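# Observations on the model geometry
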Amino acid sequence: MSVVWEAGVSAREDEWLWGWDHTPGIVSVWSEGDGVVHVWRRVDGALVREDVRFRPWLLLERAEDLAHLGSRLGRDGDRTRITIRELAGPGALRHLVRADDLATLTAAVTHGASARLGHRVGHVRELGEGVLLLAPEEQYLVATGRTYFRDLAWPDVRRMQFDLETTGLDAARDRIFLIAVREPDGRAETLEATDGTDRGEAALIARLVERVAAVDPDVIENHNLHGFDLPFLEQRARILGVPLALGRVGAGLRQRTAQRGVAVGDRGSKRRIRFIAPGRELIDTLDAVRRHDFAARDLPGHGLKAVARHLGLAGPDRELIRGDKIFATFARDPERVRRYAIADVEEVAGLSRTLGGAAFALAQMAPRRYERVADAGAATGVIDPLLVRAYLRAGAALPAHEPGDGTTHSGAALHLFAAGVAHRIVKADVASLYPSLMRAFKIGPARDRQGALLALVDRLVTQRLAAKAAAKLAPPHSAERHRHEGTSAALKLIVNSAYGYLAAGGLTRFADVHAANEVTRRGRETLALMCRELAARGVTLLEADTDGVYAAVPPEWTEADERRAVAEVAALLPPLVQLEFEGRYAAMLSHEPKNYALLAYDGALTMRGVAFRSSRAEPYGAAFLRDAVRALLVGDVPGVRAAYLAMVTALRERSLPTIEVCARVRLTKSPGQYATIRDTRREFAYEAMIASGRTTWSIGERVRVYRTAQGGRVIDEPDEDVGDDDDDDELGPLSPILRDNRNDPRDYDAEHYVRMLRDQFATRLARALAPDDFAVVFADPDQLSLFTPPLAAMRPILTTMIEDDAQPRGT
DNA sequence: TCATACCGGGG
DNA sequence: GTGTACGGTATGA
């Protein structure tokens, strides 16, 4: 009996995650809400379009808004034009209303609501929380239990990439002169305007449209597709009067409001949109990059070139051209721009395959279009639709959104126990702490009577472990492995956002600040327990943050001792909360909370936090910090002094190239704007531009500026900045070409940069040395002192904070 | 100096 | 008819 019941629950919860209708091969869905849904499917590789009858639905709080229909209102199952069915349970949205088409449905509701409220209700959305109306395709997917891509593997979906090359960034003024296209079979080529006229550009756009129609891809991709290429293309097509039929139905692009889209209309109206090409899915690899980096946080930046290089997708002789020089380069050396543009589309295809697996897998679960799943956040974009579908499948009424009761949300714990240098470091942390606590203590939203969120989290965790295991078993680089890894990444993403869903205030349907606070309270409790128990085993606590602890172990401990201590503490934590031995390091410089440097046993140096890595920081300072911190962490105080002296000498003798002292700044004012405020307030960067003879520049331009005895100057940016990949300890961030600049005037203000070295950079080491020692190590070589204590006798120190300095902080 | 507003990307 | 979070930098009081 109970076994049968368990099986029933299990099947039901599977349906909550994956849907229940196993129609294979769906690659796109589109509906105008007219009672017909266009479904494109890949069947044995061929594309099939099915036009399905479908009755649109909405959820309504007040049935009386339909009372005016009288006998024309049918019960669910009738073939009358509008039907209503009451759902079970306490939720506010308890009437499921359907009709043959959306217009009839919404007209009936607004008519009734107008009468009830005594004023004209023009659109159901004016009913706010009293109604739930999804996009027509989502209504279809929710009601049928179908999802995208069932039984399809990644290569089964036809993907095409295109990338515009333009004369500038402003579509009102600049033109498209070249388009790189890559077809599903991997062939890539460029389409080019024959001349710089309207006619030439219009013909180019028309050729792109023809090519898309001929290739007929299911998916169109590019990096920043929704932020740049599509809006630019749409505006140029509109200006030139070229029809932009990139979809499989309709004459042009459609749009939807999207917070993460581009601003449209005159400034002031804050409407942001993304474009839709019905019948195809428009996928932006920038979304995949952001989603990946959200969890991994290992990318040097989110630009195409930087990410492609980081992931090993870029060829060794990848053509690089600075954005503002592409058009000019094309005039001189068109082949170079062609290679550049083709590399772009090829990298996009590689990026999509490498990072796109999560969205591909999510689309097989959530009742939304693939492109929506790909660009949505996990909480409102994935979990909420899953919950809506689960409730409707269970025949249960949905709660409406509710504003919080004023309770503030409390966050994670952060403690700094000691600052300075410590040795034999162990890092222990809990993987997926918050979802683990939700599972362990059954913390879910109070209004979730079905227990759907916790059931989903449980299932997601189990299935993720299965997907991870399956990925490990599959051959490296195989399609199968790729699929399992994508599934695993997708599941992890949703699992980890379950807590965010709880804590999202009024943004999510089942948000519950009390439940969220219970999760973080348990989290702080768990972290405190970990710290206490680790300390009881003889380690020195250094820093603890949310779900992890850094600590120094006694000199006589072996790695086995370290692992044993962590395992002992792990055994004291609640079941399902798994403390892991995350890593061990030779030494750590603890500076401030979230600001530290780690020296691994293999010699690799990692620096974290603003104090140690700022993209703005002058390269010479960063280079000095790397050398000095490394010396410090191996206990070599004379080495710290030597690094300092070497840099001071290089500055004073001007053997250091100018670019090493430059700061990168972004110009945010136009020459005209700056001219108007110049008399009231001078700004260094602009003065440096003017002093260097630069009278024109564009807003957003990045320049490198440095200080001279007279003022400031700028130097030109290198060819293209790909971002520092941060596997440092090579030559630093500069290219050899720049180091070898023969025209370098080296007229920087050396004393200014010496002061900066001491006051801005050396201070990062202050907590690791006794004050007297610090003064000696960073004393100016020109100021002789009668008595200097021997550097070799100095040792880095570690200062333990008193209890009050361990600062718990809310978010 | 500290708080807050805004950005991340694309040519 | 939608909605991330976070760490960094630029800005204003």
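Residue numbering note: each chain is counted from 1, following its sequence as written. A letter from A marks each chain and a number from 1 marks each ligand, given out in the order of writing. Totals for whole chains, interfaces and linings use every residue, but because this is a predicted model, local features are given only for residues with pLDDT of at least 70 and side-chain atom pairs only at 80 or more, for both listing and counting. Side-chain calculation: all heavy atoms of the structure are included, whereas hydrogens and water are not.

### Things to note about the protein's contact with DNA strand B
Looking at DNA strand B, there are 21 residues lining it, with Glu-165, Thr-166, Asn-224, His-302 and Leu-304 nearest. Contact distances for DNA strand B include 2.6 Å between a sugar or linking oxygen and a side-chain N or O atom of Glu-165. For the surface near DNA strand B, the elements supplying multiple residues, two or more each, are β9 (159–166), α7 (304–310) and α9 (334–355). Of all the elements, β9 adds the most residues to the surface near DNA strand B, at 4 residues. In this count, Pro and Cys sit with the nonpolar residues alongside Ala, Val, Leu, Ile, Met, Phe, Trp and Tyr, while Asp, Glu, Lys and Arg are called charged and the others, Gly among them, polar. Split by residue class, the surface near DNA strand B holds 7 nonpolar, 8 polar and 6 charged. Throughout this document, a residue counts as near a molecule or strand when at least one of its heavy atoms sits within 4 Å of that molecule or strand. Polar contacts here mean pairs of N or O atoms no more than 3.5 Å apart (in protein, one a potential hydrogen donor and the other a potential acceptor; neighbouring residues in sequence count only if both atoms are side-chain atoms). Helix and strand labels come from DSSP, where a helix needs a run of H or I of at least four residues and a strand needs a run of E of at least two; each type is numbered from the N terminus.

### Considerations on the nonpolar core
Core analysis: the largest hydrophobic core is formed by 105 residues, its most contacted members being Leu-59, Phe-149, Tyr-370 and Leu-579. If near-sequence neighbours (up to four positions away) are discounted, Phe-149 is found in contact with Ile-26, Val-27, Val-157, Phe-360, Ala-363, Gln-364 and Tyr-370. To qualify as a nonpolar core, a set must consist of buried Ala, Val, Leu, Ile, Met, Phe, Trp, Tyr and Cys residues joined through side-chain atoms within 4.5 Å. Partly exposed residues are those whose accessible area sits between 20% and 50% of the maximum for their type, while under 20% is buried and over 50% is exposed, using a 1.4 Å probe and protein chains only. Counting 46 residues, the second largest nonpolar core, distinct from the first, contains Ala-597, Val-637, Leu-651 and Leu-656. We call two residues contacting when some pair of their heavy atoms lies within 4.5 Å.

### Focus on helix α21 (residues 684–691)
Regarding α21, the residues found buried are Ala-685, Tyr-686, Glu-687, Ala-688 and Met-689. Residues of α21 that are buried sit in contact with β23 (663–666), α20 (671–677), β24 (702–707) and β25 (712–715). Note on α21: the residue one or two positions beyond its end, Gly-693, has a positive phi of about 85°.

### Structural notes on the environment of Leu-286
Following the sequence through the fold, Leu-286 ends up in helix α6 (residues 285–296). For the pair Leu-286 and Gly-303, spaced 17 residues apart in sequence, the C-alpha to C-alpha distance is 7.8 Å. With residues near it in sequence (within four places) discarded, Leu-286 still touches His-223, Asn-224 and His-302.

### Considering the pattern of salt bridges
In the sections that follow, a salt bridge refers to a side-chain nitrogen of Lys or Arg positioned within 4 Å of a carboxyl oxygen of Asp or Glu. Overall, the coordinates contain 57 salt bridges when judged by the stated rule. Here Arg-254 makes a salt bridge to Glu-32, at a shortest N to O gap of 2.9 Å. Of this pair, Arg-254 sits in strand β13 (residues 254–263) while Glu-32 sits in the loop between β1 (26–31) and β2 (36–43); the two residues are 222 residues apart in sequence, bridging distant segments of the chain. With its nearest N and O atoms 4.0 Å apart, the salt bridge here joins Asp-170 to Arg-173. The partly exposed category is assigned to Asp-170, whose relative accessible area is 33%.

### Some words on the confidence of the model for chain A
With 91% of its residues at a pLDDT of 70 or more, chain A has an overall mean of 85. Note on scores: pLDDT gives the predictor's confidence for each residue, bounded by 0 and 100. The low-confidence segment residues 1–5, where pLDDT is below 50, has 0 contacts with residues more than four positions distant or belonging to other chains. Confidence over residues 804–811 falls short of pLDDT 50; this stretch has 14 contacts with residues more than four positions distant or in other chains.

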